[in-house]
Amino acid sequence: MNSFDIEHYRREGWAPSERVFGADECDNFIEYMLGLQDGKILLEGFEKRGSEEWQRTHNQHHYDLKAKNWLIAPPLHSLLSQCLNDEPEGIQTMYFWKGSEQRRHQDQFYLPGCLSAWIALMDVDENNGTIWVQSKSHKGRLLTTADFDEGGEFFEWDYNTAVDELFRRNDLPEIPVRVRKGDVVFFDGKLVHRGGPVANKESFRHVIANHYIGQGFKDWPHTGWSRLSFDGSERFI
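To keep things clear, this report deals only with the structure shown in the data block. Given the structure is predicted, the values throughout are model-derived calculations rather than measurements.

Some points on the overall build of the protein chain
A tally of helices and strands in the protein chain yields six helices and eleven strands. Seen through its C-alpha atoms, the protein chain measures out along the principal axes to roughly 50 × 40 × 40 Å. The burial tally for the protein chain puts 52% of its 237 residues in the buried class. Contacts in the protein chain between residues far apart in sequence, at least 24 positions, make up 79% of those at least 6 positions apart. Of the accessible surface of the protein chain, which amounts to about 11,400 Å², a share of 49% is contributed by carbon and sulfur atoms.

In structure tokens:
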């Protein structure tokens, strides 16, 4: 594993770490997830899908030990600790078989206090739909639900349209993130980002998106969600 540039993370709001995971680890999990999708592997909690149903999973770690192990994989621990300046706790997992083309957003709108570890299980670039990030936007404003309440600046606005307006006001460059199999991109939950266009619509883009908060974070609103420590223990608070 290459060294991680924590100063780049703090300055730009994101940073990659190369070769965190080995090719075999990545390939084995891809094979497993393809098996779940096509029904060759059965797992309680994983709903049966059609052959072209590639929508992301959400919190698969709640019922799948393999997904849970990726959330608290030991190679992530020290890197997350540097980013958070705290002991990390896993709070959300998502798996993407294909590029999402999701509109601009900030993860902390949904998950206060979070950061993301975006794990590339294969090479990812504009061909199969990488993420685009607005570097340094984490130093600016975070949109919250209060902005959309009556009296808020974006009352009656569509959320993603409001983030597009925030993006415009930030007046900062947006760049694609290109990574290789086994690399992990860490990005601040305030960073404005999106799923970019997928040039090859037939392509796959196998990625795990994990989310974490610090153990000392007190304002976690989703009290029904477990906070998972790297020793495997859980708490609800």
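Still more ground to cover, so stick around.
Regarding the pattern of salt bridges
When the charged atoms of two side chains with opposite charge come close together, those side chains can pair. A full pass over the atoms with the stated rule returns 21 salt bridges. In this structure, Glu 7 and Arg 10 form a salt bridge, with 3.3 Å as the shortest nitrogen-oxygen distance. Taken together, the positions of Glu 7 and Arg 10, both in helix H1 (residues 6-12) and three residues apart, correspond to about one turn of that helix. A residue is classified by how much of its surface remains accessible, and Arg 10, at 38% relative accessible area, is partly exposed. Here Asp 123 and Arg 180 are joined by a salt bridge, their closest N and O atoms 3.1 Å apart. Note that Asp 123 is positioned in the loop between strand E4 (115-120) and strand E5 (131-134) and Arg 180 in the loop between strand E6 (174-176) and strand E7 (184-188), a separation of 57 residues in sequence. Given a relative accessible area of 38%, Asp 123 falls into the partly exposed group.

Thoughts on unusual backbone geometry
Keep in mind that most residues, glycine aside, have a negative phi and that most peptide bonds are trans. The residue Lys 136 is not glycine, and still its phi comes out positive at about 75°. As for its placement among the helices and strands, Lys 136 is situated in the loop between E5 and helix H6 (159-170). The partly exposed category is assigned to Lys 136, whose relative accessible area is 34%.

Some details on the pairing of strand E3 (residues 88-96)
The element E3 is largely enclosed, with a buried count of nine among its nine residues. Pairing between strand E2 (residues 57-58) and E3: two bridges, direction antiparallel. Note on E3: the bridge partner recorded for His 58 is Met 94.

Re the pairing of E5
A two-sided burial pattern is seen for E5, the buried positions comprising Ile 131 and Val 133 on one face and Trp 132 and Gln 134 on the other. Alignment of E5 against strand E8 (residues 193-195), held across three bridges, turns out to be antiparallel. Across the sheet, Val 133 pairs through a bridge with His 193, a residue of E8. Direction of pairing for E5 relative to E6: antiparallel, over a ladder of three bridges. Paired with Gln 134 across the two strands is Glu 174, which belongs to E6.

Criteria and thresholds
- Residues numbered from 1 in each chain as written.
- Predicted model: local features only at pLDDT ≥ 70, side-chain atom pairs only at ≥ 80, totals over all residues.
- Heavy atoms only, no water.
- Helix = DSSP H or I, 4+ residues; strand = E, 2+ residues; numbered from the N terminus.
- Buried < 20%, exposed > 50% of the residue type's maximum accessible area, 1.4 Å probe, protein only.
- Contact = heavy atoms within 4.5 Å.
- Areas by Shrake-Rupley, 256 points an atom, 1.4 Å probe, with all protein chains shown as cover.
- Salt bridge = Lys/Arg side-chain N within 4 Å of Asp/Glu carboxyl O.
- Pairing = 2+ DSSP bridges.

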